[in-house]
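Examining the three-dimensional arrangement
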There are 2 protein chains.
Amino acid sequence: MFEVQYNEEMEAEIKRLEAENRKAQGEVTMKKSVGAKTLLFPTPTLMVGTYDQTGKPNLMNAAWGGICCSQPPCVAVSLRKATYSHAAIVERKAFTVGMAGESRIMEADYMGIVSGRDVDKFAGAGLTPVKSDLVDAPYAEEFPVVLECRLLHIVEIGLHTQFIGEIVDVKADADVLGDDGLPEIMKIKPLIYDTAHKGYHGVGPLLGKAFSIGKGLQK
Amino acid sequence: MFEVQYNEEMEAEIKRLEAENRKAQGEVTMKKSVGAKTLLFPTPTLMVGTYDQTGKPNLMNAAWGGICCSQPPCVAVSLRKATYSHAAIVERKAFTVGMAGESRIMEADYMGIVSGRDVDKFAGAGLTPVKSDLVDAPYAEEFPVVLECRLLHIVEIGLHTQFIGEIVDVKADADVLGDDGLPEIMKIKPLIYDTAHKGYHGVGPLLGKAFSIGKGLQK
């Protein structure tokens, strides 16, 4: 009886050591599976500007997107086929991507609540539509930075269609530009979208310079 | 002489009023052209994990990416052909996307400074490689959230190739999960990349709930 128990203890210890070894060798993880979900942090709050068939300007709120190429400079935004903006981009082959500042959080969220099918969203939010001088799409004068985009690729993925636009120019308010002529993130105060808990966050302070703070690890 | 000056003043006033009208009609903008640049705010700090031909795990730092589809859940990352990770994704048809927390800012930046061609970046940064149990790619145990991705599409854009991966699972540390089982952004403390001035920022506090704060503008 004693010997049996001893063997069981030995076996348990062997299994524990084996598990430790596997972990040390990087074969197992302490992480939990959360499921196949779109849990990326951060995602942006993009204000996609388009004209509909009648020329009415429209804005939608999109968190699925990001820069996808440096040369030519391109941005990608993904929209469901069901959205009013989807058909507009296909037809006009152009869109803008504005970034709302923190002070326009209500306007930004409103663009994700109502549809351009039902209302004039610019008028509803009290925003000023400006026609891009370069592409066939409008943007809101009240958002501090906007990318003017010419449709380059359409990628059908699934529920969402990805539109890749070449950034033909960036327009920015003078008061968000730094001495080097580039927009400063802490002056823009762009909204960050939390896709897990559906909230908007601000940008925190600078934590470190890129291509610099990691040099401490270089041998 | 007096009459001439009077006409000039009238003309200037007429021009000023015309400009105001054009602005009111959304035909002009007060914004400045910044040029065709990849100025999106925010961009993420993505840790792309791959195995090379010999099975050596590698990580790279990518700011060009984002979620691109909800169903199937997909994430896009764009890499230059010259990167060591590019060939690895093409060959293994898999990659992971980890998110470093603020405490790992040095390790994250290091991944953007050195190449897996020259060094073992996991070893160099003191990170633990874990083999995904679902796809043929590794991730760092020290990053609180990671997406495990199966390559779905390759989109050649220009300098960058866009890899679209289906997210087959998300793994997260137990201590970043909320009561609902989903990761909490303020526990992850993901790094935001400022593409204009090449710095890492933290995420600020919650400013408002989505699909909610904009309801005040609904008629």
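Look up a bit, the structure's there.
Just so it is clear, the structure is predicted and the values come from calculations on it, not from any experiment.

A closer look at the pattern of salt bridges
Enumeration over the complete set of coordinates arrives at 20 salt bridges over all chains. With its nearest N and O atoms 3.5 Å apart, the salt bridge here joins Glu-184 of chain B to Lys-187 of chain B. When its relative accessible area of 27% is taken as the criterion, Glu-184 of chain B is described as partly exposed. One connected set of salt bridges, linked through shared partners, spans Asp-133, Glu-148, Asp-169 and Lys-171 of chain A.

A look at helix 2 (residues 84–92) of chain A
Residues and elements named next belong to chain A. Among the residues of helix 2, Ser-85, His-86, Ala-88 and Ile-89 are the ones counted as buried. Buried residues of helix 2, viewed axially, fall in a sector of 170°; they line one side. For helix 2, the secondary structure elements touched by its buried residues are strand 3 (46–51), strand 4 (57–62), strand 6 (74–80), strand 7 (94–99), strand 10 (145–156) and strand 11 (160–172). Note on helix 2: the residue one or two positions beyond its end, Lys-93, has a positive phi of about 55°.

Re the sheet that holds strand 12 (residues 192–194) of chain B
Within the open sheet, the six strands sit side by side as 2(A)-12(A)-13(A)-13(B)-12(B)-2(B). Their pairing is antiparallel. At either margin of the open sheet sits one strand with a lone partner, and together these are strand 2 (43–44) of chain A together with strand 2 (43–44) of chain B. Taken together, the three bridges between strand 12 (residues 192–194) of chain A and strand 13 (residues 199–209) of chain A define a ladder with antiparallel strand orientation. By the bridge assignment for strand 13 of chain A, Ile-192 of chain A is matched with His-201 of chain A.

Regarding the interface of chain A and chain B
Taken residue by residue, the interface counts 115 residues in chain A and 114 residues in chain B. Across the interface of chain A and chain B, roughly 9200 Å² is buried in total on both sides, 67% from carbon and sulfur atoms. Residues Asp-173 of chain B and Lys-31 of chain A are paired through a salt bridge, measuring 2.8 Å at the closest nitrogen-oxygen approach. Along the contact surface separating chain A from chain B lie 57 residue pairs in polar contact (both at pLDDT 80 or more). Of all the elements, strand 13 of chain A adds the most residues to the side of chain A that touches chain B, at 11 residues. Pairing of strand 11 of chain A with strand 1 (residues 32–33) of chain B, which is carried by two bridges, proceeds in the antiparallel orientation.

What to know about the packing of aromatic side chains
Where two aromatic rings form a pair, the distance of their centres and the angle of their planes describe that pair. Residues and elements named next belong to chain A. All told, the structure shown has two aromatic pairs over all chains when counted by the stated rule. Taking the centre distance of 5.8 Å and the plane angle of 50° together, the rings of Tyr-193 and Tyr-200 count as tilted. Accessibility assignment for this pair places Tyr-193 and Tyr-200 in one class, buried.

Points about unusual backbone geometry
At the junction of Phe-41 of chain A and Pro-42 of chain A, the peptide bond is cis and its omega measures out at -5° in the coordinates. If you trace the backbone, Pro-42 of chain A turns up in the loop between strand 1 (32–33) and strand 2. With a phi close to 60°, Phe-211 of chain A is a non-glycine residue in the positive phi region. Counting through the fold element by element, Phe-211 of chain A comes out in the segment after strand 13. Despite not being glycine, Lys-198 of chain B has its phi angle at roughly 50°, a positive value.

Rules used in this analysis
- Residues numbered from 1 in each chain as written.
- Chains lettered and ligands numbered in written order.
- Predicted model: local features only at pLDDT ≥ 70, side-chain atom pairs only at ≥ 80, totals over all residues.
- Heavy atoms only, no water.
- Salt bridge = Lys/Arg side-chain N within 4 Å of Asp/Glu carboxyl O.
- Buried < 20%, exposed > 50% of the residue type's maximum accessible area, 1.4 Å probe, protein only.
- Helix = DSSP H or I, 4+ residues; strand = E, 2+ residues; numbered from the N terminus.
- Arc of directions from axis to C-beta.
- Contact = heavy atoms within 4.5 Å.
- Pairing = 2+ DSSP bridges.
- Buried area = accessible area lost by both parts, 1.4 Å probe.
- Polar contact = N/O pair within 3.5 Å; in protein donor to acceptor, adjacent residues only side chain to side chain.
- Phe/Tyr/Trp six-rings, centres within 6.5 Å; stacked < 30°, edge-to-face > 60°.

Honestly, that's just the spatial picture; any functional story needs more than this.
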